[in-house]
Amino acid sequence: GKAPGLRGLWAIACQPAFYHLVPGMCFGMGAGMAIQSLWMGPWIEDILQVSQATKSWFLLAINGFFVLTALALGWITARLARLGLRTEAVMIGGLVLGGVSLLLLTVLPPWIALGMFALTITMQNACFLIYAYMTHRLGPELAGRSNALINTLLFAGVWAILSLLGVVIDAVTASGGS
């Protein structure tokens with residue numbers, strides 16, 4: 001038969017909560033990583049045309065907000081649960097609000113859009129609830145395998161998305177676009 005580790009992975013992958021929620025949450029976490037690591041700094045520099053020092057302060061403030069909301073996420077989610085809002089709704093709501101705020105970046109004046117970066121990153125923090133959510137659903141005996149599987153999907157997805165984005169950017173640049 002299958003080794004215990006493979007049986008555990010199969011049990012996780014067969015969970016409706018896993019295949020319904022994990023792909024979207026991985027997409028949200030991956031988008032957040034891409035925004036923070038690749039896009040936010042150049043956008044601030046190119047669009048706002050500020051000094052390196054000012055850009056650094058903006059990045060510090062936005063990422064500080066990210067850390068504070070990550071630390072408060074458990075407390076916030078527990079309070080919302082007492083009001084009847086399920087963890088799934090918090091995760092999906094964060095993903096949707098993060099996406100909407102990211103889309104608003106394209107139409108808002110730059111200084112207002114800067115605040116949308118903070119909102120986007122903050123809302124995408126809700127995607128990280130998937131780890132605790134799956135651990136709670138699966139129990140401690142499958143928690144490590146669940147987290148490892150989520151991480152594998154997350155980083156494979158980030159690699160795929162960023163690789164595809166690179167191909168698109170190269171094609172647009174080669175065709176004379178900017």
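Everything that follows concerns the structure shown earlier in this document.
Draft legend 1. Region of interest: the overall build of the chain. Helices and strands together make up the secondary structure of the chain, namely seven helices and zero strands. Across the chain, helices and strands are ordered from the amino to the carboxyl terminus as α-α-α-α-α-α-α. Based on the C-alpha atoms only, the size of the chain along its principal axes is roughly 60 × 45 × 25 Å. Relative to its 178 residues, the chain shows a buried fraction of 34%. Once local pairs closer than 6 in sequence are excluded, the contacts in the chain between residues at least 24 apart make up 74%. Considering the chain, the positive charge centre built from 8 side chains and the negative charge centre built from 5 side chains are found 20 Å apart.

Draft legend 2. Spatial organisation of a nonpolar patch on the surface. A cluster of nonpolar residues, I92, V96, V100, L104 and V107, forms a patch on the protein surface that exposes about 410 Å² of accessible area. Position of V96 relative to the elements: it lies in helix α4 (residues 87–104). Overall, V96 belongs to the partly exposed group, its relative accessible area being 48%.

Draft legend 3. The arrangement of the layout of surface pockets in detail. Its boundaries defined by the atoms lining it, the largest pocket holds a volume of some 480 Å³. Surrounding the largest pocket, 18 residues form its lining, A34, I35, W39, L102 and L165 being those nearest its centre. Put simply, the parts of the chain that give the lining of the largest pocket at least two residues each are α2 (16–48), α4 and α7 (140–174). Ranked by the residues each element gives to the lining of the largest pocket, the list is headed by α2, at seven residues. Taken together, the residues that form the lining of the largest pocket break down as 13 nonpolar, five polar and no charged. Approximately 190 Å³ is the volume found for the second largest pocket. Along the wall of the second largest pocket there are 14 residues; nearest its centre are L73, I76, V90, M123 and A126. Looking at the lining of the second largest pocket, the elements that each hand over two or more residues are α3 (52–82), α4 and α5 (110–124).

Draft legend 4. Spotlight on the packing of α2 against helix α6 (residues 129–138). With their axes 10 Å apart at the nearest point, α2 and α6 run at an angle of 165° to one another. In terms of orientation, α2 lies roughly antiparallel with respect to α6. Crossing hand, α2 versus α6: left-handed. Two secondary-structure elements touch here, α2 through A17, F18, L21, V22, M25 and M29 and α6 through I130, Y131, Y133, M134 and R137. For the contact of α2 with α6, the class distribution of residues is ten nonpolar, no polar and one charged.

Reading guide: rules and limits
Residues numbered from 1 in each chain as written. Predicted model: local features only at pLDDT ≥ 70, side-chain atom pairs only at ≥ 80, totals over all residues. Heavy atoms only, no water. Helix = DSSP H or I, 4+ residues; strand = E, 2+ residues; numbered from the N terminus. Buried < 20%, exposed > 50% of the residue type's maximum accessible area, 1.4 Å probe, protein only. Contact = heavy atoms within 4.5 Å. Lys, Arg positive; Asp, Glu negative; His and termini not counted. Charge placed at Lys NZ, Arg CZ, Asp CG, Glu CD. Patch = residues over 30% accessible without salt bridge, like charges linked within 9 Å, V, L, I, M, F, W, Y side chains within 5 Å. Areas by Shrake-Rupley, 256 points an atom, 1.4 Å probe, with all protein chains shown as cover. Salt bridge = Lys/Arg side-chain N within 4 Å of Asp/Glu carboxyl O. 1 Å grid on protein atoms, 1.4 Å probe; cavity = no way out; pocket = protein on both sides within 12 Å on 5 of 7 lines; lining within 4 Å. Points joined across faces, edges and corners; volume = space filled by probe spheres on them. Nonpolar A, V, L, I, M, F, W, Y, C, P; charged D, E, K, R; others polar. Axes fitted to C-alpha atoms, helices over the stretch in contact; angles between N-to-C directions. Parallel < 35°, antiparallel > 145°, perpendicular 65-115°, else oblique. Left-handed = near helix turned anticlockwise from the far one by under 90°.

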